[in-house]
Amino acid sequence: MFRLASCMALFFLLRLICGLTWSQVIPGLLISYLGSGGWKSAHVFLKTVGRDLHAAGVLLKVKFNVKKHLRQRNTIAKIFAETVKRHGDKTALIFEGTGESWSFRQLDEYSNRVANLLLARGFVEGDVVALFMENRNQYVGLWLGMAKIGIEAALINFNLRLDALVHCITISNAKAVVFGSELTDAMREVHSSMGRTVKMFCSGDWYPHKVPEGTECLEPLLTAVPTHQPSPPQRSFTDRLFYIYTSGTTGMPKAAIVVHSRYYRMAALVYYGFGMTSDDILYDCLPLYHSAGNIVGVGQCLIHGMTVVIKRKFSASRFWDDCVKYNCTIVQYIGEICRYLLNQPVRETEKQHKVRMALGNGLRHSIWEEFTSRFNVPQVAEFYGATECNCSLGNFDNKVGACGFNSRILPFIYPIRLVRVDEETMELIRGPDGVCIPCKPGEPGQLVGRIIQNDPLRRFDGYVNQSATNKKIAQDVFKKGDSAYLSGDVLIMDQYGYMYFKDRTGDTFRWKGENVSTTEVEGTLSRILDMTDVVVYGVEVPGAEGKAGMAAIADPTNRTDLEKFSKDVEKALPPYARPVFLRFLPEVNKTGTYKFQKTDMRREGFDPNVVSDRLYFLDPSKGKYIRLDEDLHRGILSLKQKL
């Protein structure tokens with residue numbers, strides 16, 4: 001009876017979500033059952049039906065809400081207005097840096113002042129204003145105020161300087177820049193390159209003799225304008241909200257377009273999928289110029305009425321103290337943050353908190369259980385996604401190591417897929433019909449999502465630069481005549497549909513006839529070196545097939561025991577995955593979202609004439625790493641030294 005009830009519930013949800021008829025759903029299930037081996041398919045069904053029903057319910061709820069907002073021509077600003085009505089005096093934002101607390105009504109009034117000021121200064125719907133400041137409550141109020149009158153914010157990475165900073169402001173066509181006083185020096189450096197027509201406003205401490213000429217102090221201007229709600233423009237749910245820039249691990253950052261419906265979808269899928277409530281208190285230590293901090297995190301405040309604690313910058317040593325102080329129940333992480341926390345000395349507060357969920361992406365499988373055990377965090381809400389992607393995944397049922405799943409029972413319900421790619425070039429492999437070939441369980445492939453532009457859950461808005469947008473779209477992927485978004489990420493799916501992140505396309509390299517995952521090797525080496533920063537990449541060696549592995553290791557005090565390291569590597573990694581070259585440097589460059597930057601290191605290779613850091617070579621005859629000098633380098637290039 002349970003199995004029958006589950007099936008009926010699943011059929012009903014599928015019909016509602018996808019508009020399928022009974023005659024379409026039932027044969028699909030029978031074909032899936034018979035085509036995959038009977039009892040094996042039944043086993044998968046029984047193991048995953050609860051998970052899939054939950055996901056179907058989440059999709060259904062979000063889909064219905066999106067349709068409602070489309071019909072009512074809502075925006076994030078209008079949705080926030082309803083949140084204010086429900087939670088007016090409740091705490092919305094707490095800035096950990098000063099302890100400053102804003103209620104929902106205060107956030108509403110501040111954003112109204114921003115909107116009214118910009119209107120008074122002649123800004124109109126469709127204009128762009130760049131926002132360049134570190135995390136604080138005002139950051140949210142500024143872009144929200146802009147959204148209330150249809151002004152689009154360009155959220156600039158506060159780590160950028162000089163050419164990259166000018167590039168990001170310029171490609172957005174910003175008519176003004178609001179910058180934090182802490183970034184005054186950075187603005188002075190580029191002021192002359194931006195043109196006289198770009199207006200400048202400074203928020204924070206005011207030093208008139210330091211700011212660029214023509215800059216106005218924002219705070220007194222805001223005080224002088226009214227707090228009433230401005231007249232909303234005729235914006236729709238699919239209009240542009242703001243721009244978020246890619247991390248810039250290669251080349252200049254690209255401005256990804258975020259529309260109102262995308263903001264809602266990203267925040268809502270996380271909220272409903274992971275079982276959050278408006279009573280939760282979320283600790284947001286991620287940069288607000290990034291989608292994880294500003295959409296997945298702050299979105300819970302604006303849309304669902306959750307209290308969010310904003311941290312100026314991530315601090316591993318203060319992380320759990322802050323969680324205890326503010327009674328946080330959910331914490332955010334991204335990239336290497338969890339490893340940095342594990343690298344901290346044990347302290348009492350790390351188990352005195354009330355945190356029930358860690359929310360984010362990038363938690364390595366190798367430290368997953370160590371993280372949950374040491375810090376007593378029962379649920380890891382790992383998800384996969386990017387600002388611009390249409391193929392997000394969520395690990396809704398706490399499966400260790402997984403970044404999400406897709407149903408094996410009815411995989412076409414959520415139109416994503418892993419497709420085969422060439423192991424060396426990472427180009428899509430197509431069948432005789434010209435359509436991409438789907439991967440089988442256990443087979444790595446690139447994640448793609450079908451583009452349906454009139455569906456807010458499946459659309460791809462791309463970047464400001466059209467050529468950059470075109471590079472992320474492929475044709476004839478699921479079937480002839482369709483188009484799909486290319487994630488650029490290689491994942492693996494198991495027999496139950498759980499997805500596991502493997503690598504970025506281009507990061508995986510081939511050596512000794514085997515594919516080497518940089519992500520997996522980085523995790524292993526970091527664990528061997530007590531959570532030290534390690535970046536792994538492939539470098540070309542003349543006369544050698546494929547690319548040799550090279551590991552850049554942060555070692556500012558020259559403390560690495562190379563003999564012990566060599567033995568540990570030999571035990572932990574197969575021969576083809578062991579780094580042929582080592583590079584020891586003071587620190588490893590990272591993006592603002594804790595992703596490693598390896599482009600320059602990959603280009604510099606293992607040439608001691610180019611690299612000033614200490615270099616080592618794995619001598620196969622000695623079975624250990626030896627210093628790589630100019631003579632040895634010449635021997636490798638001339639093929640006299642065997643690899």
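Residues numbered from 1 in each chain as written. Predicted model: local features only at pLDDT ≥ 70, side-chain atom pairs only at ≥ 80, totals over all residues. Heavy atoms only, no water.

Observations concerning the sheet that holds strand β27 (residues 614-619)
Piece 1. Strands sit in the order β24-β25-β26-β27-β28 across an open sheet of 5 strands; the sheet is mixed. Strand pairing shows two members of the sheet lacking a second neighbour, β24 (534-540) and β28 (624-627), which therefore form its edges. For this sheet, the mean inter-axis angle between neighbouring strands, taken without regard to orientation, is 30 degrees.
Piece 2. As judged from the 4 bridges shared by strand β26 (residues 581-585) and β27, these two strands associate in the antiparallel manner. Note on β27: the bridge partner recorded for Arg 583 is Leu 615.
Piece 3. Its contacts with the sheet place helix α17 (residues 562-572) against β25 (547-554), β26, β27 and β28, and it is angled at close to 140 degrees to β28. (Pairing = 2+ DSSP bridges. Helix = DSSP H or I, 4+ residues; strand = E, 2+ residues; numbered from the N terminus. Axes fitted to C-alpha atoms, helices over the stretch in contact; angles between N-to-C directions. Contact = heavy atoms within 4.5 Å.)

Observations concerning the sheet that holds strand β15 (residues 393-394)
Piece 1. Judged by pairing direction, the sheet is mixed, and its 8 strands sit side by side in the order β2-β1-β11-β10-β12-β13-β14-β15 without closing on themselves. Only two strands of the sheet have a single neighbouring strand rather than two, namely β2 (100-103) and β15.
Piece 2. In this structure, strand β1 (residues 91-95) lies alongside β2, joined through 4 bridges in antiparallel fashion. Opposite Phe 95, over in β2, you have Glu 100 as the bridge partner.

Some details on helix α11 (residues 291-304)
Piece 1. Relative to the 20 Å expected for 14 residues at 1.5 Å per residue, α11 spans just 17 Å between its end C-alpha atoms, considerably shorter than the ideal helical length.
Piece 2. The sharpest bend along α11 measures roughly 40 degrees and falls at Val 298.
Piece 3. Gly 305, located one to two residues past α11, shows a positive phi value of around 80 degrees. (Expected span 1.5 Å × (residues − 1). Bend = angle between axes of the 7 residues up to and from the residue.)

A few points about the packing of helix α10 (residues 260-273) against α11
The relative placement of two packed helices is expressed as an angle between their axes plus a distance between the axes.
Piece 1. Where α10 contacts α11, the two axes come as close as 9 Å, and the packing angle between them is 75 degrees. Taken as axis vectors, α10 and α11 run roughly perpendicular relative to one another. Contacts between α10 and α11 involve Tyr 263, Tyr 264, Met 266, Ala 267, Ala 268, Val 270, Tyr 271 and Tyr 272 on the former and, on the latter, Ser 291, Asn 294, Ile 295, Val 296, Val 298, Gly 299, Gln 300, Leu 302, Ile 303 and His 304.
Piece 2. Along the lines of polarity and charge, the residues of the contact of α10 with α11 split into 13 nonpolar, 5 polar and no charged. (Parallel < 35°, antiparallel > 145°, perpendicular 65-115°, else oblique. Nonpolar A, V, L, I, M, F, W, Y, C, P; charged D, E, K, R; others polar.)

Quick word on the nonpolar core
Piece 1. Residues Trp 143 and Tyr 263 are the most contacted members of the largest nonpolar core, which totals 130 residues.
Piece 2. With 8 residues, the top contributor of residues to this core is α10.
Piece 3. Setting aside residues no more than four positions away along its own chain, Tyr 263 makes contact with Ile 76, Trp 143, Leu 241, Phe 242, Val 258, Asn 294, Ile 295, Val 298, Gly 299, Leu 302 and Ile 303.
Piece 4. By size, the runner-up hydrophobic cluster in this structure holds 73 residues, among which are Tyr 333, Phe 371, Ala 548 and Leu 582. (Core = buried A, V, L, I, M, F, W, Y, C linked by side-chain atoms within 4.5 Å. Buried < 20%, exposed > 50% of the residue type's maximum accessible area, 1.4 Å probe, protein only.)

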